[in-house]
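# Tertiary structure, described
Single-letter residue listing:
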Amino acid sequence: MKANTRKTVILGAIVLALYGLVFVRIAGHFTTRGVQFLVDEDHGGAPYPRRKVESYVGIWAPSLSRREAAAFVKREDFLAIGANAIGFPVGVDYESDGTYKARDVQERVERARAFVRYYKKVGLAVIMAVQTRARGNIGVGIWNPPEHLKTAYLKNFEDVSVRFAQMAEEENVEVFAPFNDIDRGDRYLGPQRASDWMQKILARIREVYSGKIMWKGDLFLAVREGHSFDLAGYDMAAFVTPVSAGRPVVEAITDRKISELRRWAATAGNSNLEIVGIAGPTSFPGKPEQVIWASDMLFGRHRDTLAGFMVLDLIANVKDPKLYAHIQQWFAQLNEN
Amino acid sequence: MKTEMTAPGPGIAATLNLLIPGLGYVYIGRRVKLGYALIALNVLVLLYLLSDPFAFVGVFALIIKTRLIIPAAALVVGVSVAVDAYRLVLRGVRFA
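Structural notes, computed from the coordinates. (Residues numbered from 1 in each chain as written. Chains lettered and ligands numbered in written order. Predicted model: local features only at pLDDT ≥ 70, side-chain atom pairs only at ≥ 80, totals over all residues. Heavy atoms only, no water.)

The next thing to look at is the environment of B:Ala82. All names here are of chain B. Among the structural elements, Ala82 can be located in helix α5 (residues 69-91). Considering only alpha carbons, one finds Ala82 and Ala13, 69 residues apart in sequence, at a separation of 7.1 Å. Not counting chain neighbours up to four residues away, the residues in contact with Ala82 comprise Ala14, Asn17 and Leu18. (Helix = DSSP H or I, 4+ residues; strand = E, 2+ residues; numbered from the N terminus. Contact = heavy atoms within 4.5 Å.)

On to the nonpolar core. Of all hydrophobic cores here, the largest spans 80 residues; its most connected members are A:Phe88, A:Met128, A:Phe164 and A:Phe331. Beyond its immediate sequence surroundings of up to four residues, A:Met128 is in contact with A:Phe88, A:Val90, A:Ala112, A:Val116, A:Phe164, A:Met167, A:Ala168, A:Val173, A:Val175, A:Phe176 and A:Ala177. B:Leu23, B:Leu46, B:Val81 and B:Val89 belong to the second largest nonpolar core, which has 22 residues in total. (Core = buried A, V, L, I, M, F, W, Y, C linked by side-chain atoms within 4.5 Å. Buried < 20%, exposed > 50% of the residue type's maximum accessible area, 1.4 Å probe, protein only.)

Moving on, we get to the pairing of strand β7 (residues 274-279) of chain A. Walk down a regular strand and you will see the side chains alternate between the two sheet faces. All names here are of chain A. Taken across its six residues, β7 has six buried, putting it largely inside the fold. Here β7 shows a buried face lined by Glu274, Val276 and Ile278 and a second buried face lined by Ile275, Gly277 and Ala279. With five bridges connecting them, strand β6 (residues 236-240) and β7 associate as parallel partners. Looking at β7, one finds that Met236 is bridged to Glu274. In terms of strand pairing, β7 meets strand β8 (residues 308-312) through four bridges, oriented parallel. For Val276, the partnering residue across the bridge sits in β8 and is Gly308. (Pairing = 2+ DSSP bridges.)

Residues and elements named next belong to chain A. Non-glycine residue Asn172 carries a positive phi angle of around 55°. A positive phi is found at Leu219, a non-glycine position, where the angle reads about 65°. Within the secondary structure, Leu219 is located in the loop between β5 (212-216) and α7 (220-225).

On to helix α6 (residues 191-208) of chain A. Because the α-helix completes a turn every 3.6 residues, residues three or four places apart line up on one side. Residue and element names in this part refer to chain A. An ideal rise of 1.5 Å per residue puts 26 Å on 18 residues; α6 measures up with 26 Å between its terminal C-alpha atoms. Along α6, the largest kink reaches about 30° and is centred on Leu202. Looking at α6, one finds that the buried residues are Ala194, Ser195, Trp197, Met198, Ile201, Leu202 and Ile205. Buried residues in α6 make contact with α5 (147-170), β4 (175-177) and β5. (Expected span 1.5 Å × (residues − 1). Bend = angle between axes of the 7 residues up to and from the residue.)

To summarise the sheet geometry, strands pair through backbone hydrogen bonds and adopt either a parallel or an antiparallel arrangement. Residue and element names in this part refer to chain A. If you trace the eight strands once around the closed barrel, you get β1-β2-β3-β4-β5-β6-β7-β8, paired in parallel fashion. Neighbour-to-neighbour, the strand axes of the sheet open up by a mean angle of 25°, direction not taken into account. Bridge analysis of β5 against β6 gives three bridges, and the strand direction is parallel. The partner of Met214 across the bridge, within β6, is Met236. Of the strands in this sheet, β2 (85-91), β3 (125-131) and β4 are in contact with α5, which crosses β3 at around 165°. The strands that α6 touches are β4 and β5; relative to β5, the one it contacts most, it runs at about 165°. (Axes fitted to C-alpha atoms, helices over the stretch in contact; angles between N-to-C directions.)

Here it is, written out as structure tokens:
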């Protein structure tokens, strides 16, 4: 065989094999087989009871509407790592005019219901947070919708959130968050509007839902820029450790988030507010060792003050053997608390 | 001692360069360094996509944001190197 031909065949085979692997991965990204499996198994039947949880220990999964979430969704995985709870956002995209398609809402509600049942069947407590974003925007980068759209999608989202809350009540979901990260940079609603909306929706959620209600926020902008949120009436608050910042900054901002939550709660006369900390990577999308550091920092420093300890499972990092063992060890300690 | 060998088909070189930019150059033995560099770049991108599931989200978001610019640029590069390899073969290639 000619030397060039041999090189060509070898290199071509290597690159084509990589093409194949990438194709398989992309195909897997879009398939809903993993999600469908769960939905089929746990649809129908009587709801499972609402659990009383002293300390929420578990995984905060990425949006269940995404295929990547399916990498670490099996309830056996959660039990094996020592979790007693799972938190997840469920989303409905809004259209270009800020409205939501009723069919989409119904489909997502039923999908979320199936997931809730799937986890609750083995005794896991469920924290469900509802979120929205523009159709076609898949959550990467800062995205700031025009003013009229902000008003429209937020107003229309009230009914969507209430619909999810109704389902949460029917299924005895332990904790419900009316809007996941309403204050995040890419929604850019401004702290005042975010705070007002969360107060406005609270009354409507209370009418249909009797579990704990959570103010799940990013808090980064508020803490950095010195804004405050009205936490009156909320049972819980949760935040993720900040990304895209150096470790000393992450540590300092995490401390600030917790102290500010306490201060806002005190201002609102809400002394019983339970705070859940979620340890995430320090950069996007992050590496397992970053989550190890963040969990040590968050759980170690704030073990006595937090009511919940969760790990953000961005890109299924938790399956990394070193991180898995580390988190398992932490969860064992925290469950002894 | 160099041996003159039958030149490869220009179509094969062009097709290889179109499918895997750089491979056609390696096949015809011309612009070999460029060929290896393009293949290495290709492999790096593929490994990045394989190593990080979230990269897909990023890539798709980028494509959505830039609409047709990235696919069009990739097509232009692919077609360019394919045409280049085709013409190189027609001009005569020596296999050593």
